[in-house]
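# Fold and contact review
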Amino acid sequence: MESLRFVLPQSEIPTHWYNVVADMPNAPLPPLGPDGNPATPEQMSAIFPMGILEQEMSAERWIPIPQEVREIYRLWRPSPLVRAIRLEQMLGTPAKIYYKNEGVSPAGSHKPNTAVAQAYYNKQAGIKRITTETGAGQWGCSMALAGQMFGLEVRVYMVKVSYGQKPYRRSMMQTWGAEVFASPSEMTQTGRNALAADPDNKGSLGLAISEAVEEAASRADTNYALGSVLNHVALHQTIIGQEVKKQFEMAGDWPDVIFAPCGGGSSFAGIAFPFVAENASGGRKGKPVRLVAVEPASCPSLTKGVYAYDFGDSSGFTPLMKMFTLGHDFMPPGIHAGGLRYHGASPLVSQLYKEGLIEAIAVPQLATFEAGVMFAHAEGIIPAPESNHAIRGAIDEALRCKETGEAKTILFNLTGHGHFDMASYDRYLAGELGDFEYPEAAIKESLKHLPNVG
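A brief look at the structure comes next. The model shown is predicted, which means the values in this text are computed figures rather than measured ones. (Residues numbered from 1 in each chain as written. Predicted model: local features only at pLDDT ≥ 70, side-chain atom pairs only at ≥ 80, totals over all residues. Heavy atoms only, no water.)

## What to know about the overall build of the chain
A tally of helices and strands in the chain yields 19 helices and 15 strands. Expected size for 454 residues packed as a compact globule is a radius of gyration near 22 Å; at 20 Å, the chain falls within 12% of this value. Based on the C-alpha atoms only, the size of the chain along its principal axes is roughly 60 × 50 × 45 Å. By the burial criterion, 62% of the 454 residues in the chain qualify as buried. Counting every atom, the chain has about 16,300 Å² of accessible surface; 53% of that belongs to carbon and sulfur. Here the chain contributes 38 positive and 47 negative side-chain charges, whose respective centroids are spaced 4 Å apart. (Helix = DSSP H or I, 4+ residues; strand = E, 2+ residues; numbered from the N terminus. Rg over C-alpha atoms; globule rule 2.2 N^0.38 Å. Buried < 20%, exposed > 50% of the residue type's maximum accessible area, 1.4 Å probe, protein only. Areas by Shrake-Rupley, 256 points an atom, 1.4 Å probe, with all protein chains shown as cover. Lys, Arg positive; Asp, Glu negative; His and termini not counted. Charge placed at Lys NZ, Arg CZ, Asp CG, Glu CD.)

Shown next as structure tokens:
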């Protein structure tokens, strides 16, 4: 019987994270401080431990993974690579479809790959508390889990619309000992200001980040942790792509194209970055792998944003980063149920896109949930709404292969399961969700408020 699951032994858990900066054709542009000059580690040390800052600014190709982190990774890593043969049969495609199942972690997504690392470095630095934000809740759950493992208190500011839509994500965080507040909240000046301006404010990731950073900067015992966007987060996720390479060798196959959901960029970076260096040297057997970031049409930073310096949060507490952005005060529509709510994209992902080394597409909401239901029917796993974006990209590619007769090998990152996202599926199945293409006029208005630097 043909093998459909490719599982590495635990001895193959990567010993190092891969830093794509070492293999980029141009050095990344530095984050800027409020004066417009490059931000210094000292400026950023108010909210990050030095171990994380060293990684954030490193150009070393390989960065060792601490043994304590690898020990915890053993709870779920290496994650399986699976061939979706039933989905292939459903589509009637000559293509082969594989997925990397990151939903096997205790938190149900890829996010613990970096949450555990960040908790470790904060614990080493003597930090007692972590503040963070979460949108759909996967990151908040992961940070709550990691905080519990290292004895850190965790406070999560959860985007208000998700706080209401995803009560069981909130329950997971609280079960692992975290405090959870709907953002905007009355806990911070940022939140109070937002509520004064609009008492019905549904929240955004940028706003929740502002609340978390404001609190972290005000307490010496507290640091801030971010689940996506920054270089060190992308770095920690590269264990996904490193495992994938070994698993494809086990399968005697190799991907022609890789799809991953892209909000801030961590899941895309995790699976795609380890292929960037290989592509730069012409690819395996002279054929580069296409690397496609899939974002929602209602929050289209790569496909409709501008490449500019912008704040990572709504209130301007963070350093300025060069990225594709919709503007730091961008507010996703309340009907948007698919996660991926961030106004910008990872500076590293943005630069690779700007330089033509990766691709990006935006897909509408209904098409993503349709793809998730198709995948559930074929493969049995109900995917997280974020993962549905990558599944949509993979299905569309497989259908194109059906038309052309090409037998491509397609890989996508199944970033998590959707067991705690069923309220969104309920709305889809009841016909209550709609598509929302973010208006060009609204994007232009938001972009008027970009900082005038760089």
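## Some points on unusual backbone geometry
Residue Pro78 follows Arg77 across a cis peptide bond; omega there is -5°. Within the secondary structure, Pro78 is located in the loop between helix 3 (67-73) and strand 4 (81-83). Note that the residue after Ser183, namely Pro184, is joined by a cis bond; omega there is 10°. Topologically, Pro184 is positioned in the loop between strand 8 (179-183) and helix 9 (189-197). Not every positive phi belongs to a glycine, and Val229 is a case in point at roughly 75°. For Val229, the location among the structural elements is in the loop between strand 9 (222-224) and helix 11 (231-237). The phi torsion at Lys285 lies on the positive side, around 55°, for a residue other than glycine.

## Overview of the layout of surface pockets
The volume enclosed by the largest pocket comes to roughly 390 Å³. Lining the largest pocket are 27 residues, with Pro31, Glu56, Leu230, Asn231 and Met321 sitting closest to its centre. A total of three residues in the lining of the largest pocket trace back to one element, the largest contributor, which is strand 13 (residues 320-325). In the lining of the second largest pocket, the residues fall into twelve nonpolar, four polar and no charged. (1 Å grid on protein atoms, 1.4 Å probe; cavity = no way out; pocket = protein on both sides within 12 Å on 5 of 7 lines; lining within 4 Å. Points joined across faces, edges and corners; volume = space filled by probe spheres on them. Nonpolar A, V, L, I, M, F, W, Y, C, P; charged D, E, K, R; others polar.)

## Let's talk about the nonpolar core
Within the largest apolar cluster, 59 residues are counted, with the highest numbers of intra-cluster contacts made by Trp17, Phe48, Tyr73, Val116, Met143, Met173 and Tyr224. Examining the composition of this core, we find that seven residues originate from one element, helix 6 (residues 138-150), more than from any other. Beyond its immediate chain neighbours, meaning those up to four positions away, Met143 contacts Ala115, Ala119, Ile130, Thr132, Val154 and Ala225. (Core = buried A, V, L, I, M, F, W, Y, C linked by side-chain atoms within 4.5 Å. Contact = heavy atoms within 4.5 Å.)

## A few points about the pattern of salt bridges
Inspection of every chain in the model, using the stated rule, returns 26 salt bridges. A salt bridge links Arg290 to Glu359; the shortest N-O distance between them is 2.8 Å. In this pair, Arg290 is assigned in strand 11 (residues 290-296) and Glu359 in strand 14 (residues 359-363), connecting sequence segments 69 residues apart. Linked by salt bridges that have partners in common, Arg129, Glu153, Arg155, Glu179 and Glu215 make up one network. (Salt bridge = Lys/Arg side-chain N within 4 Å of Asp/Glu carboxyl O.)

## Structural notes on the packing of aromatic side chains
Under the definition given, this model contains 17 aromatic pairs. Considering the side-chain rings of Phe369 and Tyr428, the 5.6 Å spacing of their centres and the 20° angle between planes classify their relative orientation as stacked. Taken together, the residues span a long stretch of sequence, with Phe369 in helix 16 (residues 365-379) and Tyr428 in helix 18 (residues 422-429) at a distance of 59 residues. Classification of Tyr428 as partly exposed rests on a relative accessible area of 22%. Each residue in the set Phe6, Tyr98, Phe248, Trp254 and Phe275 is aromatic and connected to the rest through ring pairs, giving one cluster. In this structure, Arg170 is placed above the aromatic ring of Tyr163, and the distance from its NZ or CZ to the ring centre is 4.1 Å. Just above the ring of Trp254 sits the side chain of Arg284; from NZ or CZ to the centre is 3.6 Å. (Phe/Tyr/Trp six-rings, centres within 6.5 Å; stacked < 30°, edge-to-face > 60°. Lys NZ or Arg CZ within 6 Å of the ring centre and 35° of its normal.)

These figures come from the coordinates and say nothing about function on their own.
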